[in-house]
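Observations on the model geometry
Here are the chains, one letter per residue:
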Amino acid sequence: MGETIKSYEISINVDTLTDELEEELKSSDLFMPSNCCIFKVPTILLRHNLKAYYPNAFSIGPFHYNRQPLMKSTQIVKLKYLRDLILRSKKSLRNFTEAVSKSQKQARESYAGPIEIDNKEFIKVLVLDGCFIVELFRKHATEKLRDKDDPIFTMSFPWFVLEILFDMTKTDREQTLVELAIDFFANIFSATPLSTKALSGNHRSKHILDLLRNCLVLSSRIDQGKTAWQPMPSATSLKDAGIKFKKCSMGKSILDIRFEKGILEMSPLFIQETTEPLFRNLISFEQCCPNVASVITSYAILMDNIINTNEDMEILCKKKVIENWLNVEDATRFFNQLYNDTYIKENFYGVLTTAVNLHCQRRWPKYRAVLMRDYFRHPWALIYVFVAAFLVICTFLQTLFSIVK
């Protein structure tokens, strides 16, 4: 008989409770595989903009598989791409299925949480979606392979599965899979194309989203010194403090921002319809994946500090730091809500914000900015000041000579 504890008319059977908890411990998957890298977005982030995390045309991978009528209707396009790849590579569908099925366990471990389809359907998703992505990259890189109705899509899918399918179908002198992917997404962040130069030969990305993040982080010259977070003043406040904004022509990544001699140099950033979903998914990946530094999240916080109002956005657009394809209100709201409910341990822009705040505390830059804004804004104002100064000097000299005589 199990021990029974009675207190205030509440009784608990300790043995029964212990047995139930032991069963839950045995049945629950409490350990996350080391290669787990694709996560469902946490509810605390998902609630801010549901549309930013859900596909609206093509679902990639098992999480959103066939959940919406639109997803089912676009399956025919994936089948067409699979047929094109089979015909051109002269590989059979059986070859693809066998190769992917051998890595099924590793592929399942890439996904966090339960996958609500059986093994047969899971392998079907990997083959169909993987071939679709590989073929899409090739069609983008080689014009003669393209059709008029080729689509655009999005992006969490195990990278090693793409490599298996790509290696089976590659031709002589063809670009690598990484090069094809980066070429496809070359200008997704700015007019300066993404580069693969910073990616070492043995560097392995977990999926396409991770590849894009690696290109940004490894190409940047961001100072990763761990310092306390200091808020960055807004663009309007920085301008009032005498700080000038300049488009950084030498930056290789949007993360490259530096401050020197009163000038804040920022690499240009595109803001378009796909920018918010892309950044939200990058931030969600950093928040969920262990041992992935919150570099993109730090950038989002910094940009939110700089852009508080529509006037701040207009200042940066005027200096070509931001190329905005949305209306000003929507672009400003995007930055103000981007990193809500996120958490970061390390500040990757601490050195920058410290230097800027020290400059803002100095008085002369503020006075100089006020002088230039209020008195030297127009050429005629400058002439008036010089004329007035000349008359004052003449009057002073005339008075001095009269006293001497």
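Keep in mind that what you see is a predicted model, and the values were worked out from it rather than measured.

Some remarks on the packing of aromatic side chains
Tallied over the full model, the rule gives eleven aromatic pairs. When the centroid spacing of 5.4 Å and the interplanar angle of 50° are considered together, the rings of F137 and F184 count as tilted. With F137 in helix α7 (residues 119-141) and F184 in helix α9 (residues 177-184), this residue pair connects regions lying 47 residues apart in the sequence. Each member of the pair, F137 as well as F184, is classed as buried. Ring centres 6.0 Å apart and planes at 85° place the aromatic pair F189 and F279 in the edge-to-face group. Taken together, the residues F189 in the loop between α9 and α10 (208-219) and F279 in helix α12 (residues 275-288) connect sequence positions 90 residues apart. The burial state of F189 is the same as that of F279; both residues are buried. Cluster of aromatic residues (ring-pair linked, three or more members): F189, F279, Y299, F334 and F335. Positioned over the ring face of F122 is R108, at 4.6 Å from the centre of the ring.

Some remarks on the packing of α12 against helix α13 (residues 295-306)
Between α12 and α13, the shortest axis-to-axis distance is 8 Å and the interhelical angle comes to 130°. In terms of orientation, α12 lies oblique with respect to α13. Note on packing geometry: the crossing formed by α12 with α13 is left-handed. Where α12 approaches α13, its residues F279, L282, I283, E286 and Q287 are matched on the opposing element by V295, I296, T297, Y299 and A300. Grouping the constituent residues of the contact of α12 with α13 by class yields seven nonpolar, two polar and one charged.

Focus: empty space enclosed by the protein
Applying the stated criterion across every chain, the model contains one cavity of 30 Å³ or more. The space that makes up the largest cavity amounts to roughly 90 Å³. Lining the largest cavity we find F189, S190, T192, P193, L194, L216, G251, K252, S253, I254, S267 and P268.

Looking at the state of the cysteines
Enumeration according to the criterion identifies zero disulfides in this entry. Cysteine C36 is unpaired, with the sulfur of C37 as its nearest cysteine sulfur at 6.6 Å. Judged by its relative accessible area of 3%, C36 falls in the buried class.

A closer look at a negative patch on the surface
Together, D15, D19, E20, E22, E23 and E24 give the surface a local cluster of negative charge. Along the chain, the position of E22 falls in helix α1 (residues 14-27). Given the relative accessible area of 41%, E22 is considered partly exposed.

What to know about the nonpolar core
Counting residues in each nonpolar core, the largest one holds 98 residues, and the members touching the most others are F189 and L264. Examining the composition of this core, we find that twelve residues originate from one element, α7, more than from any other. Leave out the neighbours within four places in its chain, and L264 touches M232, L238, I243, K244, F245, K246, I257, R258, F259, L352 and V356. In terms of nonpolar packing, the next biggest core, distinct from the first, is built from five residues, V41, L45, A52 and Y53 among them.

Focus on the side chain of T332
Mapped onto the fold, T332 is located in helix α15 (residues 328-336). A polar contact is formed between the side chain of T332 and the side chain of N310, at a distance of 3.2 Å.

Cut-offs and rules
- Residues numbered from 1 in each chain as written.
- Predicted model: local features only at pLDDT ≥ 70, side-chain atom pairs only at ≥ 80, totals over all residues.
- Heavy atoms only, no water.
- Phe/Tyr/Trp six-rings, centres within 6.5 Å; stacked < 30°, edge-to-face > 60°.
- Helix = DSSP H or I, 4+ residues; strand = E, 2+ residues; numbered from the N terminus.
- Buried < 20%, exposed > 50% of the residue type's maximum accessible area, 1.4 Å probe, protein only.
- Lys NZ or Arg CZ within 6 Å of the ring centre and 35° of its normal.
- Axes fitted to C-alpha atoms, helices over the stretch in contact; angles between N-to-C directions.
- Parallel < 35°, antiparallel > 145°, perpendicular 65-115°, else oblique.
- Left-handed = near helix turned anticlockwise from the far one by under 90°.
- Contact = heavy atoms within 4.5 Å.
- Nonpolar A, V, L, I, M, F, W, Y, C, P; charged D, E, K, R; others polar.
- 1 Å grid on protein atoms, 1.4 Å probe; cavity = no way out; pocket = protein on both sides within 12 Å on 5 of 7 lines; lining within 4 Å.
- Points joined across faces, edges and corners; volume = space filled by probe spheres on them.
- Disulfide = S-S within 2.5 Å.
- Patch = residues over 30% accessible without salt bridge, like charges linked within 9 Å, V, L, I, M, F, W, Y side chains within 5 Å.
- Areas by Shrake-Rupley, 256 points an atom, 1.4 Å probe, with all protein chains shown as cover.
- Salt bridge = Lys/Arg side-chain N within 4 Å of Asp/Glu carboxyl O.
- Lys, Arg positive; Asp, Glu negative; His and termini not counted.
- Charge placed at Lys NZ, Arg CZ, Asp CG, Glu CD.
- Core = buried A, V, L, I, M, F, W, Y, C linked by side-chain atoms within 4.5 Å.
- Polar contact = N/O pair within 3.5 Å; in protein donor to acceptor, adjacent residues only side chain to side chain.

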